[in-house]
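# Structural overview
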Amino acid sequence: MRTAAPLVKHLGLAPYEPTWRAMQRFTDERDPSTPDEIWMAEHPPVFTLGLNANREHLLSPGNIPVIQVDRGGQVTYHGPGQLVVYPLIDLRRHALGVRQLVVALENAIIAYVGELGVAASGSRDAPGVYVEGAKLASIGLRIRRGASYHGLALNVSLDLQPFERINVCGHRGLAVTRLADRCAVADVRAAAAGLTPHLFRELGFGAVREDSRPTHSAINTDLQAVSSR
């Protein structure tokens, strides 16, 4: 078991770009003694394109913003009702490889939804978690200075229509699903609470530690500093 479990911080409904910039800042300013953190959030509607994403997969964005970001992968959608989890982890300190991290994130989701009676699986060809061939969760990471940011997006109760405006993760015709259509869980905070112990177990961390401050205050300073630049 690894020591120094990350601190879980709940951001609530947080604007995407300032959150991303805050992740970059956290990663750039951390040192070998910086404690790891896991941020959990929802975002207002936004399409994001990975580093090598082909814009041809962005079919009809309409009035939804499009942001080019520095994670791996193609195009995906974030919106209210989707749980987004950002593991800000020093991989070198924990001797954790990128593939190990991806598999741990997938396995945590699979174990969590399995408790809810939903049979899911991962894929070596297209990272993420699938239920009956439909994508339930996406994974896209960036590793910089030996540490991870970006992360996973679990569809809980969000409107799935915007996924019809893209080739999901670069795959034409890939179906998308959500927990609310598979089980009784439709609340993002409930999903976060249920998923967290599985994340910690799969990543080999100890007892869960959560920030006790009100929603958003955990990284509010970073968000304000970055968005004001």
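Structure's up top.
This section reports on the structure supplied with the text. Keep in mind the model is a prediction, meaning the values are calculated, not measured.

Right, let's get into the layout of surface pockets. Volume-wise, the largest pocket comes out at about 380 Å³. Arg71, Gly72, Gly73, Ile139 and Gly140 are the residues nearest the centre of the largest pocket, which is lined by 25 residues in total. When residues of the lining of the largest pocket are assigned to their parent elements, the largest contribution, five residues, is made by strand E9 (residues 134-144). Each residue belonging to the lining of the largest pocket can be placed in one class, and the counts come to 12 nonpolar, 10 polar and three charged.

A word on the environment of Ala53. In this structure, Ala53 sits in the loop between strand E3 (46-49) and strand E4 (66-68). With relative accessibility at 17%, the residue Ala53 sits in the buried group. Separated by 116 residues in sequence, Ala53 and Cys169 have C-alpha atoms that sit 8.8 Å apart. Non-local contacts of Ala53, meaning those with residues more than four positions away in its chain, are made with Gly73, Gln74 and Val75.

Attention shifts here to the pairing of strand E2 (residues 37-42). The element E2 is extensively covered by neighbouring structure, given that six of its six residues are classed as buried. With six bridges joining them, strand E1 (residues 7-13) and E2 adopt parallel strand pairing. In the strand pairing of E2, Leu13 is matched with Glu42. Between the parallel elements E1 and E2, the chain passes through helix H1 (residues 16-29) in a crossover that is right-handed. With five bridges joining them, E2 and strand E6 (residues 82-88) adopt antiparallel strand pairing. Within E6, the position partnered with Trp39 by the bridge is Tyr86.

Cut-offs applied
- Residues numbered from 1 in each chain as written.
- Predicted model: local features only at pLDDT ≥ 70, side-chain atom pairs only at ≥ 80, totals over all residues.
- Heavy atoms only, no water.
- 1 Å grid on protein atoms, 1.4 Å probe; cavity = no way out; pocket = protein on both sides within 12 Å on 5 of 7 lines; lining within 4 Å.
- Points joined across faces, edges and corners; volume = space filled by probe spheres on them.
- Helix = DSSP H or I, 4+ residues; strand = E, 2+ residues; numbered from the N terminus.
- Nonpolar A, V, L, I, M, F, W, Y, C, P; charged D, E, K, R; others polar.
- Buried < 20%, exposed > 50% of the residue type's maximum accessible area, 1.4 Å probe, protein only.
- Contact = heavy atoms within 4.5 Å.
- Pairing = 2+ DSSP bridges.
- Right-handed = clockwise from strand over helix to strand, strands pointing away.

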